[in-house]
Amino acid sequence: MEEIRFCNQQVVWQEVPNETSLAFLITGCPLGCKGCHSTESWKRGSGQILTEIYLVKQLKKYQDLISCVLFMGGEWLPDKLIPLLKIAQAEGLATCLYTGLEKIELDPRILTSLTYLKTGRWIAERGGLNSLTTNQRFVDLRTGECLNSLFIR
């Protein structure tokens, strides 16, 4: 069975409003959006395996410094992603998924393990979350509220 892998891990402040997130850029993205700024995430089988043990160690390392765990991709491996989301939730952390898919295209089991969800393929001419013309949506799944306005300066 294929493993979930990542090519970048960092603590970020802008991707999830009002949260300090430990973010993982997951490799193997099948979408290949034109103009993608994360083409290093496209190659399947590249990067480091993101095991449950590794995630727990990272959560301990950043304990009291982060409030959210963000997965940029990984929805194509729901049976590997969901346990990681559940570990973060068990630690009292918010969870977020950045995906180029639409909500209806996601495995519904993933949605029950998320606090926040960013959906929509990257379309350069429409812009990202900081654009008024974007096709992307950032939603607080607890309330259903679209938080796109928090990205516009």
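Throughout what follows, the structure given in this document is the object of discussion. Note that the structure is predicted; figures quoted are calculated from it, not measured. (Residues numbered from 1 in each chain as written. Predicted model: local features only at pLDDT ≥ 70, side-chain atom pairs only at ≥ 80, totals over all residues. Heavy atoms only, no water.)

## Describing the overall build of the protein
Counted only if it meets this: Counting from the N terminus, the helices are the DSSP runs of H or I reaching at least four residues and the strands are the DSSP runs of E reaching at least two. Whether a residue is buried, partly exposed or exposed follows from its accessible area with a 1.4 Å probe, protein chains only, as a fraction of its type maximum: under 20%, in between, or over 50%, in that order. Whether two residues are in contact is decided by their heavy atoms: any pair within 4.5 Å suffices. Reported accessibility uses the Shrake-Rupley method at a 1.4 Å probe radius. Residues are deemed covered only where the shown protein chains occlude them.
Along its length, the protein carries three helices and eight strands. Secondary structure elements in the protein, listed N-terminal to C-terminal, are β-β-β-α-β-α-β-α-β-β-β. Counting the 153 residues in the protein, one finds 48% classified as buried. Nonlocal contacts in the protein, meaning residues at least 24 apart in sequence, comprise 53% of its contacts between residues at least 6 apart. Here the protein displays about 8,300 Å² of accessible surface, and carbon together with sulfur accounts for 53% of that area.

## Observations concerning the pairing of strand β6 (residues 116–119)
Two faces make up the sheet, and in a regular strand the side chains alternate between them. We apply this condition: For two strands to be treated as a pair, DSSP must find at least two bridges joining them.
Burial along β6 is two-sided: the residues Tyr116 and Lys118 and Leu117 and Thr119 are all buried. Note that strand β5 (residues 94–98) and β6 share three bridges and pair parallel. Within β6, the position partnered with Cys96 by the bridge is Tyr116.

## Let's talk about the packing of helix α1 (residues 52–61) against helix α2 (residues 78–90)
Heads up, the condition is: As a rule, the C-alpha atoms of each element are fitted with a line to give its axis, helices using only the stretch in contact, and angles between N-to-C directions run from 0 to 180 degrees. With respect to orientation, any angle under 35 degrees is reported as roughly parallel, any angle over 145 as roughly antiparallel, any angle of 65 to 115 as roughly perpendicular, and every other angle as oblique. Take the far helix as your reference; a near helix turned counterclockwise from it by less than a right angle gives a left-handed crossing, and one turned clockwise gives a right-handed crossing. Residues were grouped as follows: Ala, Val, Leu, Ile, Met, Phe, Trp, Tyr, Cys and Pro as nonpolar; Asp, Glu, Lys and Arg as charged; and all remaining residues, including Gly, as polar.
Closest axis-to-axis distance for the α1/α2 pair is 10 Å, and the angle between their directions is 25°. Classed by the angle they form, the pair α1 and α2 counts as roughly parallel. Note that α1 runs across α2; the crossing there is right-handed. Every residue of α2 that contacts α1 at Glu52, Leu55, Val56 and Leu59 is listed here: Pro83, Leu84, Ile87 and Ala88. A class-by-class count of the residues in the contact of α1 with α2 yields seven nonpolar, no polar and one charged.

## Observations regarding the pattern of salt bridges
For clarity, the cut-off: By definition, a salt bridge exists where a carboxyl oxygen of Asp or Glu is found within 4 Å of a side-chain nitrogen of Lys or Arg.
A complete count under the given rule lists four salt bridges for this structure. As a salt-bridge pair, Arg109 and Asp107 come within 2.8 Å of each other at their nearest N and O atoms. When salt bridges with common partners are traced through the structure, they connect Asp79, Asp107 and Arg109 into a single cluster.

## Things to note about the nonpolar core
Selection criterion: To qualify as a nonpolar core, a set must consist of buried Ala, Val, Leu, Ile, Met, Phe, Trp, Tyr and Cys residues joined through side-chain atoms within 4.5 Å.
In terms of nonpolar packing, the biggest core is built from 28 residues, with Phe24, Leu50, Leu59, Phe71 and Leu97 touching the most fellow members. Secondary-structure elements contributing two or more residues to this core are β2 (21–26), α1, β4 (68–72) and α2. Counting residues per element, this core draws most heavily on α2, which supplies six residues. Grouped together as the second largest cluster of nonpolar side chains are 13 residues, Val16, Leu70, Cys96 and Leu129 included.

## Some remarks on the sheet that holds β6
Judged by pairing direction, the sheet is mixed, and its eight strands sit side by side in the order β3-β1-β2-β4-β5-β6-β7-β8 without closing on themselves. Pairing within the sheet leaves two strands with one partner each, and these edge strands are β3 (48–49) and β8 (145–146). When β4 meets β5, the two strands line up parallel, connected through five bridges. In the strand pairing of β5, Val69 is matched with Thr95. Strands in contact with α1 are β1 (5–12), β2, β3 and β4; relative to β2, the strand with the most contacts, it is inclined by about 150°.

## Describing unusual backbone geometry
A positive phi angle, close to 65°, is found at Asn18, a residue other than glycine. Note that Asn18 resides in the loop between β1 and β2. Asn18 gets classed as exposed once you look at its relative accessible area, which sits at 75%. In the Ramachandran plot, Asp64 falls in the positive-phi region, its phi being about 70° despite a non-glycine side chain. By the secondary structure assignment, Asp64 is in the loop between α1 and β4. Relative accessible area serves as the criterion here: at 73%, Asp64 is assigned to the exposed category.

Purely spatial values, then, with no claim about function.
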